[in-house]
Amino acid sequence: MSSEPIRAQEVIKFGADFELDLNVYELRRAGRAVKLERIPMEVLLFLVERRDRLVSREEIVERIWGDGVFLDTDNSINGAIRKLRQALKDDPERPQFIQTVTGKGYRFIAPVIGGGSAAPRHFVPTGHVSQTQTRKPTRTRAAVALALLIVVAVAMAVWALTSSHSTGAAPSVRSIAVLPLDNLSGDPSQDFFVDGMTDELITDLAKVSALRVISRTSVMRYKGTKKGLPEIARELNVDGIIEGSVVRSGQRVRITAQLLHAPSDRHLWAETYERDVGDVLRLQSEVAQAIAQQVRAQLTPQQQVQLRSARPVNPEAYEAYLKGRYYLTNQFTTAQPLNTAKNYFEEAIRKDPGFALAYSGLADSYLYLALVRQLSPEGGYRSANEALRKASELDDNIGEIHDTLGVL
């Protein structure tokens, strides 16, 4: 492969009809401009520059944000790659342009042509020159170029700051859909844990009466979808979308969540939380409170108490509870999964007798077993009421929690 660099003012072509015009900082397809925000554009330029080479996430962070950054860069990189694939119409399962190397980074795999030559060449920013060039810029020209770059960067920063003030308040969000969180643990057997985190976040947000929260049943069909957020928002008729990921490593869990104004695909908030598994209920409540604050939803005193009342839970009990919920919500029409769910809820209660949600899940399993005629209606409803009464003794809010979970 030739190592001759491309000067920044040249047009870089790739794929059947894509081109990057660095003169105007624009991606075009078949001659028409493709809308792309600054961070995705910078990531694309970096990947094209390093094409056919693995680019780690750490390299992307250093290139785009620099050292010592305190932003949620993991989530920002995920969002940038997602937007790039949407712009390029690239399928992550059968990529033509951006290949994901799980746990490592990304690779730009499409052939690239720059400057009208068919030979692939490396892109370098303006101010860098190849050894094959006969004329070398003087120190003065380099200094002037650097000064111009600084002036442009400052101007862009001032423009971004003033435009953000001139646009006024953040867009109004009165309805929210929590998309299925991504399992980034690298272990498919943890899907039950991640799905459970999604369910609990939906449940906590549903306690905020000022918000209309889409049910689990409606959002789970978007698990692994390639649809854009504006399209999903139109289908669900919501203003806001919550998306994020969960990483579990031993007894530690990290959840990253971001809130977007879906119609405009505008990023409103993002945060990363990390806790022990035993403190995960409190973690979920913190996320829900932060989202409610971001959308300026008014919380009643009772709702504030509900969101702040999360208690520590035995990690093994919580895991058994999530497994029970997984079987209950995904396979509730047949007897064997329902009995499996019931057994997991009973295991959770044995490991943590004060875990109110486990009794709530047990009540649901009795109800469903009665519906599929594995228990008599009288026996099923009696057992469900006993379990729910115990749950209510442990948590005054369990009736509302149970009602919310029961219709998922």
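Source: prediction; values computed, not measured.

A closer look at the pattern of salt bridges
Scanning the model with the defined rule gives 19 salt bridges in all. Glu 274 is the partner of Arg 252 in a salt bridge, and the nearest nitrogen-oxygen pair spans 3.6 Å. Placement of Arg 252 in strand β15 (residues 252-261) and of Glu 274 in strand β16 (residues 266-276) is noted, with a sequence separation of 22 residues between them. Relative accessible area serves as the criterion here: at 36%, Arg 252 is assigned to the partly exposed category. Between Arg 252 and Asp 276 there is a salt bridge, with its nearest N and O atoms 2.9 Å apart. Here Arg 252 is found in strand β15, whereas its partner Asp 276 is found in strand β16, with 24 residues between them in sequence. Connected through shared salt-bridge partners, Glu 19, Asp 21, Glu 26 and Arg 28 make up one network.

Some thoughts on the nonpolar core
By size, the foremost hydrophobic cluster in this structure holds 69 residues, and its most contacted members are Ile 176, Phe 193, Met 197, Leu 205, Val 287, Tyr 318 and Phe 355. With near-sequence residues (within four places) excluded, Met 197 lies in contact with Leu 181, Val 246, Val 253, Ile 255, Val 280, Leu 283, Gln 284 and Tyr 318. Residues Ile 77, Leu 84, Ala 87 and Ile 98 belong to the second largest nonpolar core, which totals 32 residues.

Observations concerning the confidence of the model for the protein chain
With 74% of its residues at a pLDDT of 70 or more, the protein chain has an overall mean of 76. Ignoring residues within four places in sequence, the model shows residues 158-168, a span with pLDDT below 50, making one contact including any to other chains.

A closer look at the packing of helix α12 (residues 356-371) against helix α13 (residues 377-394)
The N-to-C vectors of α12 and α13 enclose an angle of 170 degrees; their axes lie 8 Å apart at closest approach. It follows that α12 is roughly antiparallel to α13 by the angle criterion. Here α12 contributes Ala 356, Tyr 359, Ser 360, Leu 362, Ala 363, Tyr 366, Leu 367, Ala 370 and Leu 371 to the contact with α13, which in turn contributes Pro 377, Gly 380, Tyr 381, Ser 383, Ala 384, Ala 387, Leu 388, Lys 390, Ala 391 and Leu 394. Its residues assigned to classes, the contact of α12 with α13 shows 15 nonpolar, three polar and one charged.

Topic: the pairing of strand β7 (residues 98-101)
Where β7 and strand β8 (residues 105-108) come together, four bridges link them in antiparallel fashion. Pairing of Thr 100 across the sheet is with Tyr 106, part of β8. If you look at the hairpin formed by β7 and β8, you'll find three residues sitting between the two strands, and Gly 103 has a positive phi there, around 75 degrees.

Topic: the pairing of strand β3 (residues 18-21)
On β3, burial covers both faces: Phe 18 and Leu 20 on one face and Glu 19 and Asp 21 on the other are all buried. With four bridges connecting them, strand β2 (residues 11-14) and β3 associate as antiparallel partners. Bridged to Val 11 within β3 is Asp 21. Between β2 and β3, which pair antiparallel and follow one another directly, the connecting turn spans three residues, one of which, Gly 15, has a positive phi of 65 degrees.

A few points about helix α2 (residues 57-64)
Here α2 has its buried residues at Arg 57, Ile 60, Val 61 and Ile 64. Angular distribution of buried residues about the axis of α2 spans 100 degrees; they occupy a single face of the element. Residues of α2 that are exposed and angled more than 90 degrees away from the buried face: Glu 58 and Glu 62. A positive phi of about 85 degrees marks Gly 66, the residue just after α2.

So, the packing of aromatic side chains
Under the counting rule described, the total for this entry stands at 13 aromatic pairs. Plain terms: the ring middles of Tyr 318 and Phe 355 are 6.5 Å apart, the flat faces sit at 40 degrees to each other, and that makes the pair tilted. Linking Tyr 318 in helix α10 (residues 315-330) with Phe 355 in the loop between α11 (335-351) and α12, this pair joins segments that are 37 residues apart in sequence. For the pair Tyr 318 and Phe 355, one class covers both residues: buried. Through a chain of ring-to-ring contacts, three or more aromatic side chains come together here, namely Phe 192, Phe 193, Tyr 318, Tyr 321, Phe 345 and Phe 355. Across from the ring centre of Phe 193, 4.7 Å away, lies the NZ or CZ of Arg 248, which sits over that ring.

Quick look at the sheet that holds β8
Strand order across the open sheet formed by three strands is β6-β8-β7, with antiparallel pairing between neighbours. On the outer flanks of this sheet lie β6 (55-56) and β7, each paired with one strand and no other. Two strands pair when backbone bridges link them, and β6 and β8 are joined in this way by two bridges, in the antiparallel orientation. Among the inter-strand pairings, Val 55 is bridged to a residue of β8, identified as Tyr 106. Packing of helix α1 (residues 38-49) onto the sheet brings it into contact with β6, β7 and β8, and relative to β8 it is tilted by some 65 degrees.

Quick notes on the rules
Residues numbered from 1 in each chain as written. Predicted model: local features only at pLDDT ≥ 70, side-chain atom pairs only at ≥ 80, totals over all residues. Heavy atoms only, no water. Salt bridge = Lys/Arg side-chain N within 4 Å of Asp/Glu carboxyl O. Helix = DSSP H or I, 4+ residues; strand = E, 2+ residues; numbered from the N terminus. Buried < 20%, exposed > 50% of the residue type's maximum accessible area, 1.4 Å probe, protein only. Core = buried A, V, L, I, M, F, W, Y, C linked by side-chain atoms within 4.5 Å. Contact = heavy atoms within 4.5 Å. pLDDT = per-residue confidence, 0-100. Axes fitted to C-alpha atoms, helices over the stretch in contact; angles between N-to-C directions. Parallel < 35°, antiparallel > 145°, perpendicular 65-115°, else oblique. Nonpolar A, V, L, I, M, F, W, Y, C, P; charged D, E, K, R; others polar. Pairing = 2+ DSSP bridges. Arc of directions from axis to C-beta. Phe/Tyr/Trp six-rings, centres within 6.5 Å; stacked < 30°, edge-to-face > 60°. Lys NZ or Arg CZ within 6 Å of the ring centre and 35° of its normal.

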